[in-house]
Amino acid sequence: MEHIYPAFERGRIMKKELLWALRDYSYFALQLQYPDYPDGIISGCRIGVEENILSIGPGIIKCNGFLFLMDGKEQVAYTSSNQYVSLKFRLVRREELPDYTRYITEYALDKDMECSPSELEICRFKLREGARLRINYKDFFDIQTEYDTVNLADAVWAARDGNTLSKYITDYFAERVLECDRAQEGDVEFARMLLQSRDAVPRMILDDYIGRKTGNRNRKGPFMGRESFHRLEDILEGIRNGTGSRGSGKRADNERMIILD
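Residues numbered from 1 in each chain as written. Predicted model: local features only at pLDDT ≥ 70, side-chain atom pairs only at ≥ 80, totals over all residues. Heavy atoms only, no water.

Caption draft 1: Just helix H2 (residues 167-178), in detail. In this model H2 runs 16 Å from its N-terminal to its C-terminal C-alpha over 12 residues, within 8% of the 16 Å that 1.5 Å per residue would give. In terms of burial, H2 is largely enclosed, as 9 of its 12 residues are buried. Lys-167, Ile-169, Thr-170, Asp-171, Tyr-172, Phe-173, Ala-174, Arg-176 and Val-177 are the residues of H2 that are buried. In this structure, the buried side of H2 is in contact with strand E10 (157-159), helix H3 (185-196), helix H4 (203-214) and helix H5 (225-241). Looking at where H2 begins, the residue whose side-chain oxygen comes 3.1 Å from the main-chain nitrogen of Tyr-168 is Ser-166. (Helix = DSSP H or I, 4+ residues; strand = E, 2+ residues; numbered from the N terminus. Expected span 1.5 Å × (residues − 1). Buried < 20%, exposed > 50% of the residue type's maximum accessible area, 1.4 Å probe, protein only. Contact = heavy atoms within 4.5 Å. Polar contact = N/O pair within 3.5 Å; in protein donor to acceptor, adjacent residues only side chain to side chain.)

Caption draft 2: Seen up close, the sheet that holds strand E7 (residues 84-96). Taken in spatial order, the 3 strands of this open sheet run E8-E7-E9, and their pairing is antiparallel. Pairing within the sheet leaves two strands with one partner each, and these edge strands are strand E8 (101-110) and strand E9 (119-126). Taken pair by pair, the neighbouring strands of this sheet meet at an average axis angle of 20°, ignoring direction. Direction of pairing for E7 relative to E9: antiparallel, over a ladder of 7 bridges. Among the inter-strand pairings, Tyr-84 is bridged to a residue of E9, identified as Lys-126. (Pairing = 2+ DSSP bridges. Axes fitted to C-alpha atoms, helices over the stretch in contact; angles between N-to-C directions.)

Caption draft 3: Local environment of the pairing of strand E3 (residues 53-56). Two strands pair when backbone bridges link them, and strand E2 (residues 47-50) and E3 are joined in this way by 4 bridges, in the antiparallel orientation. Its bridge partner being in E3, Gly-48 is matched across the sheet by Ser-55.

Caption draft 4: The side chain of Gln-144, seen in detail. Residue placement: Gln-144 occurs in the loop between E9 and E10. Reaching out from Gln-144, the side chain makes a polar contact with the side chain of His-230 at a distance of 3.3 Å.

Caption draft 5: Representation of the nonpolar core within the structure. Residues Ile-47, Leu-87, Phe-89, Tyr-107, Phe-140, Phe-173 and Leu-232 are the most contacted members of the largest nonpolar core, which totals 53 residues. Ignoring sequence-local partners within four residues, the contact set of Leu-87 consists of Ile-47, Leu-54, Ile-56, Val-76, Tyr-107, Ala-108, Leu-109, Leu-120, Glu-121, Ile-122 and Cys-123. Counting residues in each nonpolar core, the second largest holds 7 residues, with Leu-30, Tyr-34, Ile-60 and Leu-67 among its members. (Core = buried A, V, L, I, M, F, W, Y, C linked by side-chain atoms within 4.5 Å.)

Caption draft 6: Seen up close, the packing of H4 against H5. In the contact formed by H4 and H5, the axes pass within 10 Å of each other and the chain directions differ by 45°. What the angle tells us is that H4 and H5 run oblique. Relative to H5, H4 is oriented so that their crossing is left-handed. Together, Arg-203, Leu-206, Tyr-209, Ile-210, Lys-213 and Thr-214 of H4 and Gly-225, Ser-228, Arg-231, Leu-232, Ile-235 and Ile-239 of H5 make up the contact between the two elements. Partitioning the contact of H4 with H5 into residue classes produces 6 nonpolar, 3 polar and 3 charged. (Parallel < 35°, antiparallel > 145°, perpendicular 65-115°, else oblique. Left-handed = near helix turned anticlockwise from the far one by under 90°. Nonpolar A, V, L, I, M, F, W, Y, C, P; charged D, E, K, R; others polar.)

Caption draft 7: Local environment of the state of the cysteines. As enumerated under the stated definition, the model contains 0 disulfides in all. No disulfide involves Cys-115; its nearest neighbouring cysteine sulfur is the one of Cys-63, lying 9.4 Å away. (Disulfide = S-S within 2.5 Å.)

Caption draft 8: Layout of the environment of Ile-143. Among the structural elements, Ile-143 can be located in the loop between E9 and E10. Distance in space between the C-alpha atoms of Ile-143 and Ile-169 is 8.3 Å, their sequence separation being 26 residues. If near-sequence neighbours (up to four positions away) are discounted, Ile-143 is found in contact with Tyr-137, Thr-149, Val-150, Asn-151, Leu-152, Ile-169, Tyr-172 and Phe-229.

Caption draft 9: A look at the packing of aromatic side chains. With the rule as written, the count across this model stands at 14 aromatic pairs. Between the aromatic rings of Tyr-34 and Tyr-37, the centroid separation amounts to 4.9 Å while the plane-to-plane angle is 85°, which identifies the pairing as edge-to-face. Tyr-34 sits in the buried class, given a relative accessible area of 10%. A residue is classified by how much of its surface remains accessible, and Tyr-37, at 10% relative accessible area, is buried. (Phe/Tyr/Trp six-rings, centres within 6.5 Å; stacked < 30°, edge-to-face > 60°.)

Caption draft 10: Layout of the packing of H2 against H5. Across the interface, H2 lies against H5 with an axial gap of 11 Å and an inter-helix angle of 5°. Considering the angle they form, H2 stands roughly parallel to H5. Residues Ile-169, Phe-173, Arg-176 and Val-177 of H2 lie in contact with H5, whose contacting residues are Phe-229, Leu-232, Ile-235, Leu-236, Ile-239 and Arg-240. Classifying every residue of the contact of H2 with H5 gives 8 nonpolar, no polar and 2 charged.

Structure follows, in structure tokens:
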């Protein structure tokens, strides 16, 4: 087995064999870092809001099993429509050419909330006529405000063991926990772990924390997307009240309880 590492020194000539070595190393090193990750956002892709423009920061996205390095800031124009619109990363086509394989991708707004196998949701929003879109949340509970707010709860993020919540959501949750004097030691340690990690929290760790806090450790199957977000809402309010988790407060959309007196 032969491994070639170029010497980056003044006066050295970069021969074609060295350029090939650099190409192969950079390409395969990236692909080998995330072999067990499902399709989804792996890092970055931070959303910004400007006047009628959504900006998407650099990041790494896995789509159709291939890792895409988004090394620049992209922009997408938006308008008010008074209905939900999804910002998607889309693999438009893959072209096999003699010397290389070309992937054509795009960020696009779509009124269809479902994603095809070649699409991933980055965020969604419902903007009213004359209103301004915002991403500066007043509190954790504000993330899923229905109108005029960038909603990250349904974004498709990838972790080692499956799809998980947006890292920006879990980081925001962790920051709110650390602000709370009533937070228990376990909550503080979990919050610190979230903030220290460069990657999104693994599904197993997030489900274990939610299960312990809500008394649902024996549940079959993971807490999915928006349900995970609502469970974290419950947990955060319980921490602030000094009661652990409310348990019977805000729930996932299909589990809300109505009590008639």
